[in-house]
Amino acid sequence: MQDRGGQDEVDRLVGAWVRERPDLDVSPLEVLSRVTRLARHLDRARGAAFAAHGLEVWEFDVLSALRRAGAPYVLSPGQLLTRTLVTSGTMTNRVDRLAARGLVERARDPHDRRGVQVRLTDEGRARVDAAMADLLAREHELLAALTPRRRRELADMLRVLVVPFDNEP
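Each value, and the rule that gives it
Residues numbered from 1 in each chain as written. Predicted model: local features only at pLDDT ≥ 70, side-chain atom pairs only at ≥ 80, totals over all residues. Heavy atoms only, no water. Core = buried A, V, L, I, M, F, W, Y, C linked by side-chain atoms within 4.5 Å. Buried < 20%, exposed > 50% of the residue type's maximum accessible area, 1.4 Å probe, protein only. Helix = DSSP H or I, 4+ residues; strand = E, 2+ residues; numbered from the N terminus. Contact = heavy atoms within 4.5 Å. Axes fitted to C-alpha atoms, helices over the stretch in contact; angles between N-to-C directions. Parallel < 35°, antiparallel > 145°, perpendicular 65-115°, else oblique. Left-handed = near helix turned anticlockwise from the far one by under 90°. Nonpolar A, V, L, I, M, F, W, Y, C, P; charged D, E, K, R; others polar. Phe/Tyr/Trp six-rings, centres within 6.5 Å; stacked < 30°, edge-to-face > 60°. Pairing = 2+ DSSP bridges.

Trainee: Just to check I follow, could you spell out the nonpolar core for this structure?
Mentor: The nonpolar side chains of a soluble globular protein tend to be buried, and buried together. By size, the foremost hydrophobic cluster in this structure holds 22 residues, and its most contacted members are Leu 63, Leu 66 and Leu 80. Elements supplying a minimum of two residues to this core: α2 (27–51), α3 (57–68), α5 (88–100), β3 (112–120) and α6 (122–142). Ranked by residues supplied to this core, first place goes to α3 with 6 residues. If near-sequence neighbours (up to four positions away) are discounted, Leu 63 is found in contact with Leu 55, Leu 98, Leu 103, Val 104, Leu 120, Gly 124 and Val 128.

Laid out in structure tokens, this is it:
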């Protein structure tokens, strides 16, 4: 193994597998075990950023979907389902809970009398904006060891791996 700034736990794990099972190509572990470990650190950073603003991860997901929709920050429940990848029953429960906290409100769809829309309230917008700024500060810290060029290269490489999953039916 080539030294690239010190050994990490994955180097030790891979070294042990190479020693114990020299017949296996364990090279995927060098990438994917690091991705898994980085994901754990990212989950912690996200949880801390959201908690600092009184939000759970799922709450941020719904609020940020509404925020990204742009003014007037309104989506149908079906659009929220698509953007958050949860079931209809789960979304109904989430919207109920967010509405009870004053972060979203339901309104009749002006284009469909039977339809409902979910709208981000001013309080919801303030919370999601603050949580997003906090999250980005923490994510910049996680990526601080990479130059902007290396960040772009890594993003491009990861995109190659993720696109096939994102395009599954």
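Trainee: So what exactly am I meant to see when it comes to the packing of α3 against helix α4 (residues 77–84) here?
Mentor: In a packed pair of helices, the relevant descriptors are the angle between the two axes and the axis-to-axis distance. Following both chains from N to C, one finds α3 and α4 inclined at 115 degrees, their axes separated by 10 Å at the closest point. On the basis of their axis angle, the class for α3 and α4 is roughly perpendicular. As α3 packs across α4, the resulting crossing turns out to be right-handed. Residues Asp 61, Val 62, Ala 65 and Leu 66 of α3 touch α4, and the partners they reach there are Leu 80, Arg 83 and Thr 84. Here the residues of the contact of α3 with α4 sort into 4 nonpolar, 1 polar and 2 charged.

Trainee: Help me understand the packing of aromatic side chains in this model?
Mentor: What describes a pair of aromatic rings is the distance from one ring centre to the other and the angle between the planes of the rings. Enumeration over the complete set of coordinates arrives at 1 aromatic pair. Aromatic side chains Phe 50 and Phe 60 sit 4.1 Å apart centroid to centroid with 15 degrees between the ring planes, which places their arrangement in the stacked category. Of the two residues, Phe 50 is situated in helix α2 and Phe 60 in helix α3; the sequence distance between them amounts to 10 residues. Under the relative-accessibility criterion, Phe 50 is labelled buried at 2%.

Trainee: Is there a simple way to think about unusual backbone geometry in this case?
Mentor: Where the residue is not glycine, phi is negative for most of them; where a peptide bond is considered, it is trans in most cases. Residue Pro 72 is bonded to the preceding Ala 71 through a cis peptide linkage, with omega at 10 degrees. Along the polypeptide, Pro 72 turns up in the loop between α3 and β1 (74–75). The backbone of Tyr 73 shows a phi angle near 60 degrees, a positive value even though the residue is not glycine. Within the fold, Tyr 73 resides in the loop between α3 and β1.

Trainee: Would you mind showing me how to read the sheet that holds β1 here?
Mentor: The strands making up a sheet associate through backbone hydrogen bonding, with each pair oriented either parallel or antiparallel. Ordered in space as β1-β3-β2, the 3 strands form an open sheet in which the pairing is antiparallel. Here the strands that pair on one side only, and so sit at the sheet edges, are β1 and β2 (104–109). Across the sheet, α3 touches β1, β2 and β3, and the angle it forms with β3 is around 105 degrees.

From the geometry alone we can't say anything about function, so treat these as descriptive.
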